[in-house]
Amino acid sequence: MIVVQKANPEDPQVQKLIEAHVAHGNAHYPAESNHHIGAGSYADSGVQLFGAWEEGTIVGMAGLKALDASHGELKSMHVLDAARGKGVGAKLVAAVLEEAHRLGLNQLSLETGSREASSAARRLYERFSFQYCPPFGGYAEDPESVFMTRPVGPLVQHHERDGA
């Protein structure tokens, strides 16, 4: 069973997953197009991190960063290869959306990669009704990046049910 809860970036398991996330980005995208947060930088990042745990082991993570009083960003999304296809990503996106709603945010946006290495993530976000949009916040146009956004509100139940 997958359990999603807030994660402490100081936890050694969480740090190892953050390092895997950074390594994945570095392996598939040029440095200037990577917007990940290193394991030692979460304390100052303003990102609230969520972890997906299976039998005591972290298998995925996602973060929420408030950009202002009404707009948030989904950050640091990563699911270990061994846990893909189990609905971990959907549970993480749902947890971030629920927290954004709880915080009173009206909009949730994200940046992800444009290459094949990020295609599964883009499909997941599309299933959660994220729409493609121009860069937001401090991001600039980049052929290596895709930007998506959606209003925050109660989740439509079919996203959780269909294993998105």
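These numbers were taken from a predicted model, which means no experiment stands behind them. Numbers given for residues are sequential positions, taken from 1 along each chain in its written order. Predicted model: local features are reported for residues with pLDDT of at least 70 only, side-chain atom pairs are reported and counted for 80 or more only, and whole-chain, interface and lining totals are derived from all residues. Hydrogens and water molecules were not included; the side-chain quantities draw on all heavy atoms of the structure.

Engineer: Pulling in residues and values, what's your account of the packing of aromatic side chains?
Structural biologist: When two rings of Phe, Tyr or Trp (its six-membered ring) have centres within 6.5 Å they constitute a pair, described as stacked for plane angles under 30 degrees, edge-to-face for angles over 60, and tilted for the intermediate range. Applying the stated criterion across every chain yields a total of four aromatic pairs. Consider the rings of F136 and F147, whose centres lie 6.1 Å apart with planes at 90°: the pair is edge-to-face. Here F147 lies in strand β7 (residues 145-151) and F136 lies in the loop between β6 (131-132) and β7, a separation of eleven residues in the sequence. On the basis of an interplanar angle of 55° and a centroid distance of 5.5 Å, the ring pair of Y139 and F147 is categorised as tilted. Overall, Y139 belongs to the buried group, its relative accessible area being 16%. By way of ring pairs, the aromatic residues F136, Y139 and F147 are connected into one cluster. Numbered from the N terminus, helices here are DSSP runs of H or I no shorter than four residues, and strands are runs of E no shorter than two. Burial classes follow relative accessibility: with a 1.4 Å probe on protein chains only, a residue under 20% of its type's maximum area counts as buried, one over 50% as exposed, and anything between as partly exposed.

Engineer: Before we move on, could you go through the layout of surface pockets and cite the residues and values that matter?
Structural biologist: Computed over the protein atoms alone on a 1 Å grid, cavities are sets of points where a 1.4 Å probe fits but cannot get out and pockets are open sets with protein on both sides within 12 Å along at least five of seven lines; a residue lines them when it has an atom within 4 Å of a point. Grid points are joined across faces, edges and corners, and a volume is the space filled by probe spheres set on the points. By volume, the largest pocket amounts to about 840 Å³. Considering the residues around the largest pocket, the lining is formed by 41 residues, among which M77, H78, T112, A121 and Y125 are closest to the centre. Its residues assigned to classes, the lining of the largest pocket shows 15 nonpolar, 17 polar and nine charged. Under the scheme applied, nonpolar residues are Ala, Val, Leu, Ile, Met, Phe, Trp, Tyr, Cys and Pro; charged residues are Asp, Glu, Lys and Arg; polar residues are all the others, including Gly.

Engineer: Break down the confidence of the model for the protein for me, with residues and values.
Structural biologist: Known as pLDDT, the predictor's per-residue confidence is scaled from 0 to 100. Mean pLDDT over the protein: 89, with 92% of residues reaching 70 or higher. Every residue pair with non-hydrogen atoms within 4.5 Å of one another is taken to be in contact. Throughout residues 157-164 the model reports pLDDT below 50, and contacts reaching past four residues in sequence, or to other chains, amount to 13 contacts.

Engineer: Describe the pairing of β7, listing the residues and the values that go with them.
Structural biologist: On any regular strand, side chains alternate: one points to one face of the sheet, the next to the other face. Counted residue by residue, β7 has six buried out of seven residues, so it is predominantly covered. Examined bridge by bridge, strand β5 (residues 107-113) and β7 share seven bridges and lie antiparallel to one another. Bridging from a neighbouring strand, Q107 pairs with P151 of β7. Where β6 meets β7, two bridges bridge the pair, whose relative direction is antiparallel. Residue pairing in the sheet places Q131 in a bridge with T149 of β7. In this analysis, strands are considered paired if DSSP registers two or more bridges between them.

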